[in-house]
Amino acid sequence: MSGEDRENTEDTADAINATYWIWAFASPRIYRTFSRVPPREHILRMLDLYISYVKKGGHHTASQFQPVHYERRLPLAMRLRELFEHWTQPDLAQEMVDISRALIEHEGIKPPACGWDAHEDPEADGIKYEDSLLWPEGVPAILRGQWPPKQFKR
């Protein structure tokens, strides 16, 4: 893999990890189930990675609808980062939730069919959403050997 390919892969992984966190903030019901509060510095780092991806004009997922207003992401992401700089943990202000939802939309991702406020943890193969997120120490599901899920039984 060339250096450029490696950088593109890392950028994609960073964008995906940051977007997963934004999804968590858009889903208060899921966020409230977390067994711990993410460190502010970690969330600011995730948002910095997301902002960098947005500034490069990135969009790594196929949009689920049209039109997608990718151009609206940067000011929203900057505002979300500003709010997290002054965050009083563990609660999320409604503006943080609203901006997170808008960012998901401006990534071209549809909200959950049941709506954000009714959305529950989409636990799969015993992996809770919290454990699929990138935390400072890594992704808990990977660290515990739960990821990738076993797809085929032999």
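Above this text you will find the structure in question.
Read on for a plain summary of the structure. Remember, it's a predicted structure, so these values are computed and weren't measured experimentally. In this convention, every chain numbers its residues from 1, walking through the sequence in written order. Restriction of local features to residues with pLDDT of at least 70 applies here, the model being predicted, together with a cutoff of 80 or more for giving and counting side-chain atom pairs; totals for whole chains, interfaces and linings are based on all residues. To get the side-chain values, all heavy atoms of the structure are used, and hydrogens and water are removed first.

## Considering the nonpolar core
Step number 1: To define a nonpolar core, start from buried Ala, Val, Leu, Ile, Met, Phe, Trp, Tyr and Cys residues and group those joined through side-chain atoms within 4.5 Å. Exposure is judged per residue with a 1.4 Å probe applied to protein chains only, and the accessible area is read against the type maximum: over 50% gives exposed, under 20% gives buried, and values in between give partly exposed. Counting residues in hydrophobic clusters, the biggest one holds 40 residues, and the most contacted among them are Trp21, Phe34, Tyr50, Phe84 and Leu92.
Step number 2: For helices the rule is a DSSP run of H or I covering at least 4 residues; for strands it is a run of E covering at least 2, with both sets numbered from the N terminus onward. The greatest single-element share of this core, amounting to nine residues, is contributed by helix 3 (residues 40-55).
Step number 3: Beyond its immediate sequence surroundings of up to four residues, Phe34 is in contact with Trp21, Ala24, Tyr129, Glu130, Leu133 and Trp135. Note on contacts: a residue pair qualifies if any of its non-hydrogen atoms lie within 4.5 Å across the two residues.

## Some words on the packing of aromatic side chains
Step number 1: Here a pair means two rings of Phe, Tyr or Trp (six-membered ring of Trp) with centres within 6.5 Å. Their orientation is stacked below 30 degrees between planes, edge-to-face above 60, and tilted elsewhere. This model, assessed by the stated rule, comprises 10 aromatic pairs.
Step number 2: Each ring, one from Phe25 and one from Tyr31, has its centre 5.8 Å from the other, and the planes form 65°; the classification is edge-to-face. This pair shows no difference in class: Phe25 is buried, exactly as Tyr31 is.
Step number 3: The structure contains a cluster of three or more aromatic residues connected by ring pairs, namely Trp21, Phe25, Tyr31, Phe34, Phe84, Trp87 and Trp135.
Step number 4: The cationic tip of Arg36 hangs over the ring face of Trp135; the distance from NZ or CZ to the ring centre is 3.7 Å. We count a charge as sitting over a ring when the NZ of a lysine or the CZ of an arginine lies within 6 Å of the ring centre and within 35 degrees of the ring normal.

## A word on helix 3
Step number 1: In this analysis, the expected span of each helix is defined as 1.5 Å times one less than the number of residues it contains. For helix 3, which comprises 16 residues, the first-to-last C-alpha distance of 22 Å matches the rise-based estimate of 22 Å (1.5 Å per residue) to within 8%.
Step number 2: At the exit of helix 3 stands Gly57, carrying a positive phi of roughly 80°.

## Some thoughts on helix 4 (residues 73-85)
Step number 1: Look at helix 4: 18 Å from first C-alpha to last across 13 residues, which is about the 18 Å you get at 1.5 Å a residue.
Step number 2: Residues of helix 4 that are buried: Arg73, Ala77, Leu80, Arg81, Leu83 and Phe84. Buried residues of helix 4, seen end-on, are gathered within an arc of 160° and therefore sit on one face of the element. Note that the arc is computed from the directions linking the helix axis to the C-beta atoms.

## A word on the pattern of salt bridges
Step number 1: We define a salt bridge as a contact between a side-chain nitrogen of Lys or Arg and a carboxyl oxygen of Asp or Glu at a distance within 4 Å. Here the structure, examined in full by the defined rule, presents nine salt bridges.
Step number 2: Residue Asp48 pairs with Arg81 through a salt bridge whose shortest N-O separation is 2.4 Å. Taken together, the residues Asp48 in helix 3 and Arg81 in helix 4 connect sequence positions 33 residues apart.
Step number 3: Overall, the relative accessible area of 35% leaves Asp48 in the partly exposed class.
Step number 4: The salt bridge partner of Arg81 is Glu85, with a shortest N-O separation of 2.2 Å. Here Arg81 and its partner Glu85 are both found in helix 4, four residues apart, which amounts to about one turn of the helix.

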